[in-house]
Amino acid sequence: MLKYAIEIFYSQEDKGYIAIAPELKGCSAFGETDEEALKEIKIAIDLWLKTAKSEGKIIPKPKGQLILS
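Residues numbered from 1 in each chain as written. Predicted model: local features only at pLDDT ≥ 70, side-chain atom pairs only at ≥ 80, totals over all residues. Heavy atoms only, no water.

Colleague: Give a description of the packing of aromatic side chains that names residues and reports values.
Modeller: Evaluation of the coordinates by the stated rule reveals 1 aromatic pair. Ring geometry for tyrosine 10 against tyrosine 17: centres 5.1 Å apart, planes inclined by 70 degrees, an arrangement best described as edge-to-face. Residue class for tyrosine 10 comes out partly exposed when judged on its relative accessible area of 41%. Looking at tyrosine 17, the relative accessible area reads 25%, which means it is partly exposed. (Phe/Tyr/Trp six-rings, centres within 6.5 Å; stacked < 30°, edge-to-face > 60°. Buried < 20%, exposed > 50% of the residue type's maximum accessible area, 1.4 Å probe, protein only.)

Set out below in structure tokens:
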């Protein structure tokens, strides 16, 4: 599975947390908590990748370090 960087920040305007995957153009999610935003961005990344693959688009390789777990 590919591992993409995720940024999470609080949005005063939205009164919640925004999560983005900067390497995947337009991939973002919202949550009332940072944990919820993280859960939602993981779903959004999966859907982004599936859509890009089905449409034959180039999927960028993650720029971060490989993390073995």
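Colleague: Account for unusual backbone geometry, with residues named and values stated.
Modeller: A positive phi angle is found at lysine 15, which is not glycine, with a value near 55 degrees. Structurally, the position occupied by lysine 15 is in the loop between strand E1 (7-11) and strand E2 (16-20). The exposure class assigned to lysine 15 is exposed, which follows from its relative accessible area of 56%. (Helix = DSSP H or I, 4+ residues; strand = E, 2+ residues; numbered from the N terminus.)

Colleague: How would you summarise the side chain of glutamate 23 if you had to cite specific residues and measurements?
Modeller: Mapping glutamate 23 onto the fold places it in the loop between E2 and strand E3 (28-31). At 5.4 Å, lysine 63 is the nearest oppositely charged side chain to glutamate 23, a buried residue that forms no salt bridge. Here alanine 5 takes part through its backbone nitrogen, which lies 3.3 Å from a polar atom of the side chain of glutamate 23. Reaching out from glutamate 23, the side chain makes a polar contact with the backbone nitrogen of lysine 63 at a distance of 2.6 Å. (Lys, Arg positive; Asp, Glu negative; His and termini not counted. Salt bridge = Lys/Arg side-chain N within 4 Å of Asp/Glu carboxyl O. Polar contact = N/O pair within 3.5 Å; in protein donor to acceptor, adjacent residues only side chain to side chain.)

In short, the description is geometric, and any link to function would need to be established separately.
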